[in-house]
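Close look at the chain arrangement
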Amino acid sequence: MEDMIFYDRLQFAFTITFHYIFPQLTMGLSLVIVYFKWKYLKVKIEKYNDSAKFFMKIFAVNFTIGVVTGIPMEFQFGTNWAKFSELTGGIIGQTLAMEGMFSFFLESSFLVLFLFGEKLMGQKLHFLTGFLVFLGSWASGWFILATNAWMQHPVGFEILENGKYVLTHFSALFSNPWLIPAFLHNQAASLVTSSFVVASIGAFYILREKNTEFGKLFLKTGVIFGLASSLIVAFPTGDWNAKNVAKHQPATFAAMEGIFKTEEAGSEIVLIGQPNIVEQKLDNKIAVPNILSFLTYQDWNKKIPGMDQFKKEELPTNIPALYYAYHIMVGLGTVFIGVMLLAVFFLWRKKLFNIKPLLWTIMFLVPFPFIANITGWYVAELGRQPYLVYKLLKTVDGISPTVSSGNTLFTLLGFVALYMLLGLLFLVLVGKTIHQGPNHQTH
C-alpha cells in the first residue's frame, strides 16, 4: 500500500510540475499582450502591435504544450485516484468541467482569431480577441483555484450515507475564503514569470545588438510589470495567504515556518535553518525575534502555536520538504523584488540599457520565477498532507486499489521520456521565434 501511494503521488507530482511550467506563463503573458495591443490602439506605433503578435506566437506554443500535458492529469483522477474521484466528483467535477467548457474553449477559439484574423477583423476587434484570450486564461486559473480551495478549506457540502460529498450551496465554491487570496497570489506570481520572460528577451536583444528597438521596449515593459507584480506577490496577496494558513491550517503554518516549540512571548521569523526532525528543532538557525507574530497578527507578543501543540497525525507528513519549499519561494521572491527595483531605478535614471551586468542578471534569472511558482504550489500541496480534502479525506483513502505500483511506475517512466521530448520541442520552437524576432511579423 505504501508503494502504491508513493508512486501515485510521485507520478502526479511529476506530471503537474511539468505541466505548470506552461500555464503560469500563459496567464501572465496574456496580460502583457493585451497591454501591447492597447498601447498600439492608443499611440498607433507599429512596434507595439508587432510586440503583441510576437508574444502571442510564444503564447500559442506555450498554450499547446500546456494542453497536451494537462490532459493526462484529468485521466489520472480516474486511473490513480479513483476513490477520490468517486467520493468528491460531485463537487470538484463541477469546477473542473467549467474550466474545460468555458475557459479552455474561450481561450483556444480567440487565440486562433488573434493569430490569423487581424486583417479580417480590424484593430479594435483584434484587441477584443486578445482580451478574451486573457479572460479565458485567467478564468481557467479561477476555476482550478476554486477546486484547490475547496480541497484546502472545504465549504458548502454534506456527506451522504454512502460517503460521497455533495454540494449544498453552489455559491460557496466561489465565496470560499481561501479562494480570492489564493487566486490573486497565483495570478500575480504568473505575471512575475511572464515579466521576467519579456524582460530577459529584451536583455538578450540588447546584449546581442539585434532588434534593439524591441529589446528596449521589452526590457522596459518587463521590469515595470515585474516590479509591480513582485511587490503584489509579497503584499498584500502573500501576506493574505499566510494569514489564511495560520487561521485555517495552523499545523501547516507552524511546519512551513519551522516553529517546533511554542514561544509564549511572540514567535521569531526564521531566515535560515535546517529542520532536525529527530531532535525537534532547527539547526544553525538565524532568526529575528517576534517578527512573525507581528507580521501575522500585528501583535509583537502574540503566541503562535508550534508543532509541539499538535498530534503527530495532524502535522504535514514531510516537514523538511514543506519548510524548504516555503523558504525557497520566499527567498526567490525577495530576490525578484530587489533585482526589479534596481532595474526600474536605472530605467528611471536612463542607464538601464547600458548596464550589462544587470542585463545578464535579468536574462539568467528567467528560470527562477518558474521555480518559485512551482515551490509555491508545493507549499500548498505538502501543507495539506496527509489529506486530499483537509481534515476530511486522507490521501491513503483516495487512491485506486486495483492499480499496482508497477503499472504506475511504468507509466511514470513513459511520461518522463515523452515530456523530455515535449520540453525539447518547446525550447526549439520558442528559441526559433525569439531568433526570428518581432521584425519577422507580417503586416
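Residues numbered from 1 in each chain as written. Predicted model: local features only at pLDDT ≥ 70, side-chain atom pairs only at ≥ 80, totals over all residues. Heavy atoms only, no water.

Okay, the overall build of the chain next. If you tally the helices and strands in the chain, you get 14 helices and six strands. Seen through its principal axes, the chain has C-alpha atoms that stretch 65 × 50 × 40 Å. By residue count, 51% of the 443 residues in the chain fall in the buried class. As presented, the chain carries roughly 20500 Å² of accessible surface, and 68% of it is formed by carbon and sulfur atoms. Positive and negative side-chain charges in the chain, numbering 33 and 27 respectively, have mean positions lying 14 Å apart. (Helix = DSSP H or I, 4+ residues; strand = E, 2+ residues; numbered from the N terminus. Buried < 20%, exposed > 50% of the residue type's maximum accessible area, 1.4 Å probe, protein only. Areas by Shrake-Rupley, 256 points an atom, 1.4 Å probe, with all protein chains shown as cover. Lys, Arg positive; Asp, Glu negative; His and termini not counted. Charge placed at Lys NZ, Arg CZ, Asp CG, Glu CD.)

Moving on, we get to the packing of helix H2 (residues 23-43) against helix H3 (residues 46-79). Where H2 contacts H3, the two axes come as close as 8 Å, and the packing angle between them is 160 degrees. The orientation of H2 relative to H3 falls into the category roughly antiparallel. Crossing of H2 over H3 shows left-handed handedness. Residues Pro-23, Leu-25, Thr-26, Leu-29, Ser-30, Ile-33, Phe-36, Lys-37, Lys-39, Tyr-40 and Val-43 of H2 form the contact with H3, whose own contacting residues are Glu-46, Tyr-48, Asn-49, Ser-51, Ala-52, Phe-55, Met-56, Ile-58, Phe-59, Asn-62 and Phe-63. (Axes fitted to C-alpha atoms, helices over the stretch in contact; angles between N-to-C directions. Parallel < 35°, antiparallel > 145°, perpendicular 65-115°, else oblique. Left-handed = near helix turned anticlockwise from the far one by under 90°. Contact = heavy atoms within 4.5 Å.)

Moving on to the pairing of strand E4 (residues 281-288). Judged from the six bridges that link them, strand E3 (residues 269-276) and E4 form a sheet pairing that is antiparallel. Across the sheet, the residue bridging to Ile-272 is Ile-286, located in E4. Counted between consecutive antiparallel strands, the loop separating E3 from E4 contains four residues, among which Gln-280 sits at a positive phi close to 55 degrees. (Pairing = 2+ DSSP bridges.)

Before going further, it helps to spend a moment on unusual backbone geometry. Of note, the bond from Phe-235 into Pro-236 is cis; its omega dihedral lies within 30 degrees of zero at 10 degrees. Looking at the element boundaries, Pro-236 is found in helix H8 (residues 212-248). Omega for the bond connecting Gln-385 with Pro-386 falls within 30 degrees of zero, at 15 degrees, which places this linkage in the cis form. Here Pro-386 shows up in the loop between helix H13 (367-384) and strand E5 (387-389). One non-glycine residue, Asn-211, lies in the positive phi region at around 50 degrees. Among the secondary structure elements, Asn-211 is positioned in the loop between helix H7 (179-208) and H8.

All right, on to the pattern of salt bridges then. One side chain can pair with another of opposite charge once the charged atoms of both are near each other. Throughout the structure, instances matching the rule amount to 11 salt bridges. Asp-239 serves as the salt-bridge partner of Lys-243, at 3.1 Å between the closest nitrogen and oxygen. Separated by four residues within a single helix, Lys-243 and Asp-239 lie in helix H8, roughly one turn from each other. Between Lys-391 and Glu-314 there is a salt bridge, and its shortest N-O distance comes to 3.7 Å. Of this pair, Lys-391 sits in the loop between E5 and strand E6 (393-394) while Glu-314 sits in the loop between helix H10 (291-297) and helix H11 (319-348), and the two are 77 residues apart along the sequence. With a relative accessible area of 42%, Lys-391 lands in the partly exposed category. Using a relative accessible area of 26% as the deciding quantity, one classes Glu-314 as partly exposed. Taken together, the shared-partner salt bridges connect Lys-37, Lys-53 and Glu-118 into one network. (Salt bridge = Lys/Arg side-chain N within 4 Å of Asp/Glu carboxyl O.)

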